[in-house]
Amino acid sequence: MNLIRPDPHLRVDPSWRPRTPGEVLRDDYMLPRAMTLSALARRTGIRAPRLRRLVLGEVPMCANVALRLAVVLNTSALYWMLLQVQCDLERERRGREFGTVG
C-alpha cells in the first residue's frame, strides 16, 4: 500500500474535466468488465437502486460506498472520495462564477 502525505497545495490539472464518481465507475470499471449494476450490487452489498442513482449522478459518493467499491474493484476508498471532492469543488467554483453560491 502506498501512503501519501496530503500537500496543502494539492491541485488538479485545470484542463482535466471533472467526472462524477458515478461516471468513472460506469466508464472505467463497469463497462470494460461488462459488469451490470446488479452484479456490482451483489459483489459490494450495495443496493442496486443506490448504485443506479450514483452512476446517474443523482447522489454523491459516500465513505461507506467508497470502502465497498475499493475492496471489489481493487482501488482505494480515497480515490473515490477524491473524485467526489473534485466534483464538489468544481460545482462550487462554477456557482461562484455565475453568482449562484449555496
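Residues numbered from 1 in each chain as written. Predicted model: local features only at pLDDT ≥ 70, side-chain atom pairs only at ≥ 80, totals over all residues. Heavy atoms only, no water.

For the structure shown, the criterion picks out three aromatic pairs. Residues Tyr29 and Tyr79 carry aromatic rings whose centres are separated by 6.4 Å and whose planes lie at 65° to one another, so their mutual orientation is edge-to-face. With Tyr29 in helix α1 (residues 21–30) and Tyr79 in helix α5 (residues 77–97), this residue pair connects regions lying 50 residues apart in the sequence. Assessed through its relative accessible area of 13%, Tyr29 is described here as buried. Each ring, one from Tyr29 and one from Trp80, has its centre 5.3 Å from the other, and the planes form 55°; the classification is tilted. Taken together, the residues span a long stretch of sequence, with Tyr29 in helix α1 and Trp80 in helix α5 at a distance of 51 residues. Here Trp80 falls in the buried class, since its relative accessible area comes to 0%. Put simply, the rings of Tyr29, Tyr79 and Trp80 pair up and form one aromatic cluster. (Phe/Tyr/Trp six-rings, centres within 6.5 Å; stacked < 30°, edge-to-face > 60°. Helix = DSSP H or I, 4+ residues; strand = E, 2+ residues; numbered from the N terminus. Buried < 20%, exposed > 50% of the residue type's maximum accessible area, 1.4 Å probe, protein only.)

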